[in-house]
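Observations on chain architecture
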Amino acid sequence: MALRSFTRPLLYVLLIALSCFYLMPVYVMIITSLKPLDEVTLSQMWQLPTTFDFSSYAEAFTKLAPNLLNSFYLVIPATFLSALIGSLNGYVLSKWKFKGANALFTIILFGMFIPYQSILIPLIQFLREIGLYNSIAGLVFVHVVYGIPITTLMFRNFYASIPDSMIESAKIDGAGFIGIYRFIMVPLSITGFVVVAIWQFTNIWNEFLFAVTITTSDQQPVMVALQNLSGSQIVQWNVQMAGALLAALPTLLVYIFLGKFFVKGLLAGSVKG
Amino acid sequence: MKSETTVEQSVRTATTRKRRSLTKDHWLAIGFLVPSILLVGVFVYGFIGWTGYVSLSNWNSLVPDFSFVGLKNYIYLFGDFRFQADLRNTLFFTILFILAVIVVGQFLAILLDQKIQQESLFRNIFFFPMALSFVVTGVVWQWLLNPSTGVNLFLEKIGLDSKWYTDTTIFPAIGWGKIEFGIPIAMIAVVIAAVWQMTGFSVAMYLAGLRGVPEEVREAARMDGANEFQVYWKIIMPILRPITVSVIIIMAHISLKIFDLIYAMTGPGANFVTDVPGVYMYETTFRGNYYANGAAIAIVMLLAVAIFIVPYLWSSRKGEA
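Cut-offs used in this document
- Residues numbered from 1 in each chain as written.
- Chains lettered and ligands numbered in written order.
- Predicted model: local features only at pLDDT ≥ 70, side-chain atom pairs only at ≥ 80, totals over all residues.
- Heavy atoms only, no water.
- Pairing = 2+ DSSP bridges.
- Helix = DSSP H or I, 4+ residues; strand = E, 2+ residues; numbered from the N terminus.
- pLDDT = per-residue confidence, 0-100.
- Contact = heavy atoms within 4.5 Å.
- Patch = residues over 30% accessible without salt bridge, like charges linked within 9 Å, V, L, I, M, F, W, Y side chains within 5 Å.
- Areas by Shrake-Rupley, 256 points an atom, 1.4 Å probe, with all protein chains shown as cover.
- Salt bridge = Lys/Arg side-chain N within 4 Å of Asp/Glu carboxyl O.
- Axes fitted to C-alpha atoms, helices over the stretch in contact; angles between N-to-C directions.
- Left-handed = near helix turned anticlockwise from the far one by under 90°.
- Nonpolar A, V, L, I, M, F, W, Y, C, P; charged D, E, K, R; others polar.
- Buried area = accessible area lost by both parts, 1.4 Å probe.
- Polar contact = N/O pair within 3.5 Å; in protein donor to acceptor, adjacent residues only side chain to side chain.
- Buried < 20%, exposed > 50% of the residue type's maximum accessible area, 1.4 Å probe, protein only.
- Parallel < 35°, antiparallel > 145°, perpendicular 65-115°, else oblique.
- Phe/Tyr/Trp six-rings, centres within 6.5 Å; stacked < 30°, edge-to-face > 60°.
- Lys NZ or Arg CZ within 6 Å of the ring centre and 35° of its normal.
- Core = buried A, V, L, I, M, F, W, Y, C linked by side-chain atoms within 4.5 Å.
- Expected span 1.5 Å × (residues − 1).
- Bend = angle between axes of the 7 residues up to and from the residue.

1. Some remarks on the pairing of strand β2 (residues 179-184) of chain B
Residue and element names in this part refer to chain B. The pairing of strand β1 (residues 170-176) with β2 spans five bridges and is classified as antiparallel. The residue bridging W176 from the neighbouring strand is I179, located in β2. With antiparallel pairing between neighbouring strands as the criterion, β1 and β2 make up a hairpin whose turn holds two residues, including G177 at a positive phi of roughly 60 degrees.

Structure (structure tokens):
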């Protein structure tokens, strides 16, 4: 498997060079966010700050704090609900198959790939109609509904690894649909819940199109607010970079601490599973 | 003894299934699925239908007007300079983006597969951009690729033109309809940012695939005198072809509907050199209140995605039935 030994150093040089390329935006982001505004010039872009200035963080935080809070109000219930619905759907579609179940699953799955532009106009009309337009509750609802395909897929793949014989023997012991779910599927799928929760947390936190079209001003999640930071007349790049870091921090932390599950979800989300 | 009872049991369930077709629990299970089916039915398929209807209507102002105008909005769009530019941009963006994600992804996955030290550290470095949002990526790369800064300072030093981020040149610029057909140079900046963000996905896919190839396969190839390069190129990559198909499909659907990265990074650009249907749809519908035109753009986007996705879903369904 390993290349011959004389190419080893070359291998590491390549990997390190590519790593530097991948880390370059992070480097620039961090050093720029720590510079005072007069040092944020194009010519000094790569240089370390002469003094650490945290004022851009203070400014970015004041501007983004309400939106960060909105994002948490959005992402926590939406993640929880979509994981719950996905697990029930996945359970039915993997362990209680019926005629046409596979076809139905494919029909549900298509919803994962559609450009959301193609449902956006009726969606906004609908949310206006039921009074959820421009509200976090409306966004929660939207993410739960459009999360159904992906969470169903991920749980269905996950439950496929639980042997059918286990379900059969539980049935013989008299357990029903709910009993099996509660006492066999849920305890065995804690990892599944973690994977789906991380996936949904990341996607909903990072989502932009629904957020920018369904909410305005003080209801906006953080990604829209971050985008609006750059819309102002004078672009304060240090504040922008600090804001970008703040907005990215929750998903970065999730990735740093639970990266293994994140990648699992990524692979599960690629249909092949 | 035990196996006898299970056989008996399965025979019994098979016969009861025949007689009553579904048990009470089975109906309960289906009952739990019903809300999701209804939601997907209405919010995906019903809403697509409604968007389709809006795209055939006259609703091009703040006041909804559902009078039927046939294909008028579509005819307008396909004759529109901006939309023609969008289609060209999407085509070249998609091709460059997918090619780069596959080539870089395979390359990195093969490097990581060499039993290197600190593998997980390197893996994490290549994967982490995926945890970021396109808006964050857009904001950062906008700063990095600004004309006469950052990467471009370096390009200038080695004598290359550094103004490509705002370059409106189309290469090779063959006149076609109202637009020049070719690669918009400014689009390359967006491709770089998108590739930076998404290669982790293909690295993960290829790495999982490489780890799934049994060592005996490699050994057998080596015994036949193949060198490492040939082992990968002739033996392993063909085995991983289904992964390449998956990566192409996933990346194609991302690139065909891309909106936030471009919206955050460049916007439509001068002469619409970095505009895409996602951005046009948003601006037309929610800034200009041309709802019917916006709906028509959305339907074109949906059809473009469906061309890739429907056959893919169809074939993967057949595989498991």
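2. A look at the confidence of the model for chain B
Residue and element names in this part refer to chain B. Across chain B, pLDDT averages 86, with 85% of residues at or above 70. Here residues 15-19 is a poorly scored stretch, pLDDT under 50, and it has one contact once near neighbours within four places are set aside; other chains count. The ipTM assigned to the predicted complex is 0.92, against a pTM of 0.90.

3. Considering a nonpolar patch on the surface
Together, L249, L253, I256, F257 and L258 of chain A give the surface a local cluster of nonpolar side chains, amounting to about 500 Å² of exposed area. Within the secondary structure, I256 of chain A sits in helix α11 (residues 237-268).

4. Things to note about the packing of helix α1 (residues 8-33) of chain A against helix α5 (residues 119-127) of chain B
Remark: α1 of chain A packs on α5 of chain B, axes separated minimally by 9 Å, with the N-to-C direction vectors making an angle of 35 degrees. Between α1 of chain A and α5 of chain B lies a crossing whose hand is left-handed. Together, L15, I16, L18, S19, Y22 and L23 of chain A of α1 of chain A and F122, I125 and F126 of chain B of α5 of chain B make up the contact between the two elements. Split by residue class, the contact of α1 of chain A with α5 of chain B holds eight nonpolar, one polar and no charged.

5. Here we look at the interface of chain A and chain B
Contact residues are listed per partner, giving 93 residues for chain A and 103 residues for chain B. Carbon and sulfur atoms make up 77% of the area that chain A and chain B hide from each other, which totals about 8800 Å². Connecting chain A to chain B are zero salt bridges. Scanning the region where chain A abuts chain B turns up 19 residue pairs in polar contact (both at pLDDT 80 or more).

6. So, the pattern of salt bridges
Residue and element names in this part refer to chain B. One pass over the structure, following the stated rule, counts twelve salt bridges over all chains. For R218, the salt bridge identified is with D113, shortest N-O distance 3.4 Å. One end of the pair, R218, is in helix α9 (residues 215-223); the other, D113, is in the loop between α4 (81-112) and α5, with 105 residues separating them in the sequence. In terms of burial, R218 and D113 fall into one category: buried. The partner of E219 in a salt bridge is R222, and the shortest N-O contact between them spans 2.9 Å. Pair noted here: E219 and R222 are both in helix α9, with a separation of three residues, about one helical turn. Within this structure, D113, E119, R123, R211, E215, R218, E219 and R222 form a network of salt bridges that share partners.

7. Description of the packing of α1 of chain A against α4 of chain B
Following both chains from N to C, one finds α1 of chain A and α4 of chain B inclined at 130 degrees, their axes separated by 11 Å at the closest point. What the angle tells us is that α1 of chain A and α4 of chain B run oblique. For the element pair α1 of chain A and α4 of chain B, the recorded crossing hand is left-handed. Taking contact as the criterion, the partners of L11, L14, L15, L18 and Y22 of chain A in α1 of chain A are, on α4 of chain B, V104, F107, L108, L111 and L112 of chain B. Across the contact of α1 of chain A with α4 of chain B, the residue classes break down as ten nonpolar, no polar and no charged.

8. Topic: the packing of aromatic side chains
Each pair of aromatic rings is reported with the distance of its centres and the angle of its planes. This structure, assessed with the given rule, holds 46 aromatic pairs over all chains. Their ring planes at 85 degrees and their centres at 5.4 Å tell us that F78 of chain B and F83 of chain B sit as a pair that is edge-to-face. Given the relative accessible area of 43%, F78 of chain B is considered partly exposed. For F83 of chain B, a relative accessible area of 1% corresponds to the buried category. Ring pairing ties together the aromatic residues F208 of chain A together with W50, Y53, W59, F66, F259, Y263, Y282, F286 and Y291 of chain B, which thus form one cluster. Over the ring of F105 of chain A we find R156 of chain A, and its NZ or CZ is 4.0 Å from the ring centre. The ring of W96 of chain A is capped by K171 of chain A, whose NZ or CZ atom sits 4.4 Å from the centre of that ring.

9. Thoughts on the environment of P172 of chain B
All names here are of chain B. Of note, P172 is situated in strand β1. The spacing of P172 and G182 is ten residues in sequence and 5.1 Å in space, taken between C-alpha atoms. The contacts of P172, once residues within four sequence positions are left out, are F181, G182 and I183.

10. Regarding unusual backbone geometry
Residues and elements named next belong to chain A. Residue N134 is not a glycine yet carries a positive backbone phi of 55 degrees. Residue position: N134 is located in the loop between α4 (117-129) and α5 (136-160). With relative accessibility at 24%, the residue N134 sits in the partly exposed group.

11. Focus: the nonpolar core
The biggest cluster of nonpolar side chains holds 173 residues, and the ones touching the most others in it are L123, Y146 and F210 of chain A together with F126 and M251 of chain B. If we ignore the near neighbours within four places in the chain, the residues touching Y146 of chain A are Y116, I119, L123 and F210 of chain A together with F43, V44 and F47 of chain B. Core analysis: the second largest hydrophobic core is formed by 16 residues, W59, L77, A298 and I299 of chain B among them.

12. Observations regarding the environment of A194 of chain B
Residue and element names in this part refer to chain B. One can find A194 in helix α8 (residues 187-212). Each C-alpha atom of the pair A194 and Q117 lies 28 Å from the other, and the pair is 77 residues apart in sequence. Residues in contact with A194, not counting those within four places in the same chain, are F93, F97 and L261.

13. Regarding α5 of chain A
Given a rise of 1.5 Å per residue, 25 residues ought to cover 36 Å, and the 35 Å separating the end C-alpha atoms of α5 of chain A matches this to within 8%. A maximum bend of about 50 degrees is found in α5 of chain A at I148 of chain A, where proline P149 of chain A lies one to four positions downstream.

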